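If you want the building blocks of each chain, they are given just below.
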Amino acid sequence: MSTKTIRVLVLTSSTRPGALGPAVGQWLVEAITPRAAELGVELVPVALGDLDLPFLDEEEHPSSGVYRHEHTRRWSALVDAADGFIVVTPEYNYGMPATLKNALDYLSREWAWKPIGFVSYGHTSAGTRSVQHAKQVVTTLRLVPLGATVAMRIGDATENGRLRPDAARDTAAVGLLDELARVAHALRPMRERARAGALSGPLPGSYARELTPDDAPEVTVLQRCCWVDEGVANDTLAVPALHESLAEVRDWLATWRTTGIWRDGRLLGMVRVRRVDTDWHVGRLAIVPDLRGQGLGRWLLRAAEAAAPPDCRRVVLYTGAKSLRNIELYRSEGYRSMPASPDGTACLTKDLSVRQP
C-alpha cells in the first residue's frame with residue numbers, strides 16, 4: 001500500500017435548520033478518527049451549508065474547468081485536494097437532497113477516480129433510497145461508490161433528538177473507512193494521470209509528472225535499486241544515492257525540479273534539474289533495472305534539457321568515470337566529456353547556445 005496520506009472529505013449534506021445531519025457527521029468523525037490515524041487518513045469535515053453554493057450559476061460547462069465565481073473555485077480546490085469522500089445524507093422523497101445534487105453538478109474533473117462512501121439516515125428505508133439515487137449521479141462523474149455503507153433508521157438510532165450509542169454502528173463506520181482507504185490507494189494512479197500537468201509517458205499506460213517531497217519513499221526505493229550497479233561498476237559504494245535517508249531525499253525534492261515516470265502506481269524512472277548561474281544541472285537520472293534499454297532514460301534526458309531556461313548556456317551532468325553505459329548514452333545525445341576529477345567522477349556538458357527549434 002502507498003505511504004501517502006489519504007485525504008477524505010466528510011461531507012454533511014443536509015442544510016435544513018434543525019436537521020439531524022450535523023449530529024450524525026459529528027458521531028461519524030469521532031467514531032472513525034482513531035482508525036483514520038492508524039491508516040494514515042486525514043479527515044476533513046465539511047458542512048455543505050457552509051459552502052454558500054447557490055444553484056449552479058457558472059456559465060461554462062463544469063468539464064471546461066473555467067470557473068468565474070469565487071465560491072466555485074473554493075469548492076473546486078476542496079474537492080480536487082481530496083482522495084475520497086464520505087457523504088452523510090438524509091433521504092428526501094426517495095432521493096438525495098437537491099443541495100447535494102447541486103454540489104456534485106458544479107464540478108467534473110475534480111471528482112474523477114475517487115471513492116465515495118455513504119452514511120444515510122431516514123425513516124422507513126434508513127435513507128438507502130437517497131444513496132441509490134446518488135449512486136446514479138456519482139458514477140457518471142467517475143466517482144467509485146463503495147459497497148460498504150452505514151444506514152440508520154431515525155426512530156431506532158435517536159432518543160430525544162440525540163444519537164444513541166451503538167457499538168455495531170461504530171464498527172460499520174470503521175469498516176466503511178477501511179474500504180474507502182483501500183480503494184483510494186488503488187485508484188491513486190488513475191487520479192494522478194488525470195491531474196493537470198501530467199503528460200503521457202514513453203511507455204504505453206505510463207505518465208510523467210513533477211515529483212514532490214511526498215514522493216520521497218518511492219524515490220528512495222528507486223535510488224536503492226538503481227545505484228547498486230553504479231557502485232559496483234565504479235568499485236565503490238560511497239554513492240550518496242545509496243545512503244540518503246528519507247528526510248534527505250525529501251529535502252532535495254523540495255529544491256530540485258524532478259520529473260518522474262509512473263505506471264500503475266510504480267515509479268519507473270526520474271531525473272532532476274536545477275539552474276546554477278548560466279548552467280543547467282541534470283542529475284539522478286535513474287530507470288528501474290527491468291525496463292532499461294526501452295528508451296526511458298533518453299526520454300527523461302531530453303525532457304530535462306527541454307526544461308532549461310532560454311538564457312542557460314550549457315547542460316552539466318555527472319556520472320561515475322567507469323559508468324560506461326551512462327557515458328555512451330550521454331555522448332550519443334551530444335555531450336562532451338570534461339577532464340575526469342580525482343574522485344572518479346566524470347563530468348559531461350552539452351552546449352545550449354544553438355538549440356533545435
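Refer to the structure printed above.
All residue numbers here refer to positions counted from 1 along the written sequence of the relevant chain. At least 70 in pLDDT is required for a residue's local features to be given in this predicted model, at least 80 for side-chain atom pairs to be given and counted, and no such filter applies to totals for whole chains, interfaces and linings, which use all residues. Computation of side-chain values covers all heavy atoms of the structure but excludes hydrogens and water.

**Student:** Describe the sheet that holds strand β8 (residues 199-200), with residues and values.
**Tutor:** We call two strands paired when DSSP finds no fewer than two bridges between them. Numbering of helices and strands starts at the N terminus; helices are DSSP runs of H or I of at least 4 residues and strands are runs of E of at least 2. Reading across the sheet, the eight strands line up as β8-β9-β10-β11-β12-β13-β15-β14 and stay open at both edges, with mixed pairing between neighbours. Strands at the two margins of the open sheet, each flanked by one partner only, are β8 and β14 (336-337). Should any heavy atoms of two residues lie within 4.5 Å, those residues are considered in contact. As a rule, the C-alpha atoms of each element are fitted with a line to give its axis, helices using only the stretch in contact, and angles between N-to-C directions run from 0 to 180 degrees. Packed onto the sheet, helix α7 (residues 216-233) meets β10 (257-263), β11 (266-276), β12 (279-287) and β13 (314-320) and runs at close to 85° relative to β11.

**Student:** Before we move on, can you summarise the packing of helix α1 (residues 21-39) against helix α6 (residues 167-194) with the specific residues and values?
**Tutor:** Closest axis-to-axis distance for the α1/α6 pair is 9 Å, and the angle between their directions is 45°. In terms of orientation, α1 and α6 fall into the oblique class. α1 and α6 meet at a crossing whose hand is right-handed. Contacts from Trp27, Leu28, Ala31, Ile32, Arg35, Ala36 and Leu39 of α1 reach α6 at Arg169, Asp170, Ala173, Val174, Leu177, Asp178 and Ala181. Its residues assigned to classes, the contact of α1 with α6 shows ten nonpolar, no polar and four charged. The cut-offs work like this: below 35 degrees is roughly parallel, past 145 is roughly antiparallel, 65 to 115 is roughly perpendicular, and the gaps in between are oblique. Crossing handedness is read from the near helix: turned anticlockwise from the far helix by less than a right angle, it gives a left-handed crossing, and turned clockwise, a right-handed one. Just so you know the grouping, Ala, Val, Leu, Ile, Met, Phe, Trp, Tyr, Cys and Pro go in nonpolar, Asp, Glu, Lys and Arg go in charged, and all remaining residues, Gly too, go in polar.

**Student:** Describe in detail the layout of surface pockets, supporting the description with residues and values.
**Tutor:** Points on a 1 Å grid over protein atoms alone make up a cavity when a 1.4 Å probe fits among them but cannot get out, and a pocket when they form an open set with protein on both sides within 12 Å along at least five of seven lines; lining residues each have an atom within 4 Å of a point. Grid points are joined across faces, edges and corners, and a volume is the space filled by probe spheres set on the points. Here the largest pocket is characterised by a volume of approximately 1,300 Å³. Looking at the largest pocket, it is lined by 47 residues, and the ones nearest its centre are Trp227, Glu230, Leu285, Thr319 and Asn326. Counting only elements with at least two residues in the lining of the largest pocket, the list comes to α7, α8 (240-243), β11, β12, α10 (296-306), β13 and α11 (324-332). What the second largest pocket holds in volume is close to 740 Å³. In terms of lining, the second largest pocket is formed by 28 residues, of which the most central are Glu192, Arg209, Glu210, Thr212 and Asp215. Taken together, the elements giving at least two residues each to the lining of the second largest pocket come down to α6, β9 (207-210), β10, β11 and α10. Class assignment of the residues belonging to the lining of the second largest pocket gives a composition of eleven nonpolar, four polar and 13 charged.

**Student:** Can you tell me about α1, naming the residues and giving the values?
**Tutor:** In a helix, the anticipated span is given by 1.5 Å times the number of residues less one. In a regular helix each residue adds 1.5 Å, so 19 residues correspond to 27 Å; α1 covers 25 Å between its end C-alpha atoms and thus fits that length. If you look at α1, its biggest bend is around 45°, right at Thr33, and the proline Pro34 turns up within four residues after that. One or two steps after α1, the chain reaches Gly40, where phi turns positive at roughly 75°. A residue's bend is the angle separating two fitted axes: one through the seven residues that end there, the other through the seven that start there.

**Student:** Explain the packing of α7 against helix α9 (residues 246-253) residue by residue, including any values.
**Tutor:** Between α7 and α9, the least distance of the axes is 9 Å, while the angle of their chain directions is 110°. When the axis of α7 is compared with that of α9, the two are roughly perpendicular. For the pair α7 and α9, the contacting residues are Ala216, Pro217, Val219, Thr220 and Gln223 in the first and Leu246, Val249, Arg250, Trp252 and Leu253 in the second. Residues belonging to the contact of α7 with α9 are distributed by class as follows: seven nonpolar, two polar and one charged.

**Student:** Outline the nonpolar core, supporting the account with residue identities and numerical values.
**Tutor:** Judged by nonpolar contacts, the single largest core of 44 residues is most densely connected at Val219, Trp227, Met270, Val282 and Tyr330. Once residues within four sequence positions are removed from consideration, Val219 is found in contact with Leu211, Val249, Trp252, Leu253, Leu267 and Met270. What is meant by a nonpolar core is a set of buried Ala, Val, Leu, Ile, Met, Phe, Trp, Tyr and Cys residues, joined one to another through side-chain atoms within 4.5 Å. Relative accessibility decides the category of a residue: with a 1.4 Å probe and only protein chains considered, values under 20% of the type maximum give buried, values over 50% give exposed, and everything between is partly exposed. Counting residues in hydrophobic clusters, the runner-up holds 29 residues, among them Val119, Leu146, Leu176 and Ala184.

**Student:** I'd like to hear about the pairing of strand β2 (residues 41-47), residue by residue, with values.
**Tutor:** It is a general feature of regular strands that their side chains alternate between the two faces of the sheet. Of the pairings in the sheet, the one linking strand β1 (residues 6-12) to β2 comprises seven bridges and is parallel in character. Looking at the pairing, Leu11 lines up with Val46 of β2.

**Student:** Requested: an account of the pattern of salt bridges, with residues and values cited.
**Tutor:** In the sections that follow, a salt bridge refers to a side-chain nitrogen of Lys or Arg positioned within 4 Å of a carboxyl oxygen of Asp or Glu. Per the stated rule, a full pass over the model turns up 23 salt bridges. Of the charged contacts in the structure, one is a salt bridge between Asp178 and Arg35, with a shortest N-O distance of 2.8 Å. In this pair, Asp178 sits in helix α6 while Arg35 sits in helix α1, placing the two residues 143 residues apart along the sequence. Of the residues examined, Asp178 reaches a relative accessible area of 17% and is grouped as buried. In this structure, the salt-bridge partner of Lys350 is Glu305, at a minimum N-O distance of 3.1 Å. Of this pair, Lys350 sits in strand β15 (residues 345-351) while Glu305 sits in helix α10; the two residues are 45 residues apart in sequence, bridging distant segments of the chain. Taken together, the salt bridges that share partners define one network made up of Arg35, Glu38 and Asp178.

**Student:** Can you lay out the pairing of strand β3 (residues 84-90) for me, pointing to particular residues and giving the numbers?
**Tutor:** With seven of seven residues buried, β3 lies mostly within the body of the structure. Burial along β3 is two-sided: Gly84, Ile86, Val88 and Pro90 facing one way and Phe85, Val87 and Thr89 facing the other are all buried. Summarising the sheet, β3 and strand β4 (residues 115-122) pair through six bridges and their orientation is parallel. Counted as the bridge partner of Phe85 is Ile116 from β4. Handedness of a crossover is defined as follows: with both strands directed away from the viewer, a clockwise route from the first strand across the helix to the second makes it right-handed. Handedness of the crossover is the feature at issue here: the chain leaves β3, passes through helix α3 (residues 98-105), returns alongside β4, and the resulting connection is right-handed.

**Student:** How would you summarise unusual backbone geometry if you had to cite specific residues and measurements?
**Tutor:** Not every positive phi belongs to a glycine, and Arg142 is a case in point at roughly 65°. For Arg142, the position within the fold is in the loop between α4 (128-140) and β5 (144-153). Overall, Arg142 belongs to the partly exposed group, its relative accessible area being 38%. Phi angles above zero are rare outside glycine, and Asp277 is one such case at about 55°. For Asp277, the position within the fold is in the loop between β11 and β12.

**Student:** Please set out empty space enclosed by the protein residue by residue, giving values where relevant.
**Tutor:** By the definition in use, this model includes two cavities of 30 Å³ or more. Here the largest cavity defines a volume of roughly 60 Å³. Taken together, Asp80, Arg109, Glu110, Ala112, Lys114, Arg191, Ala194 and Arg195 make up the lining of the largest cavity. Its residues placed into classes, the lining of the largest cavity shows two nonpolar, no polar and six charged.

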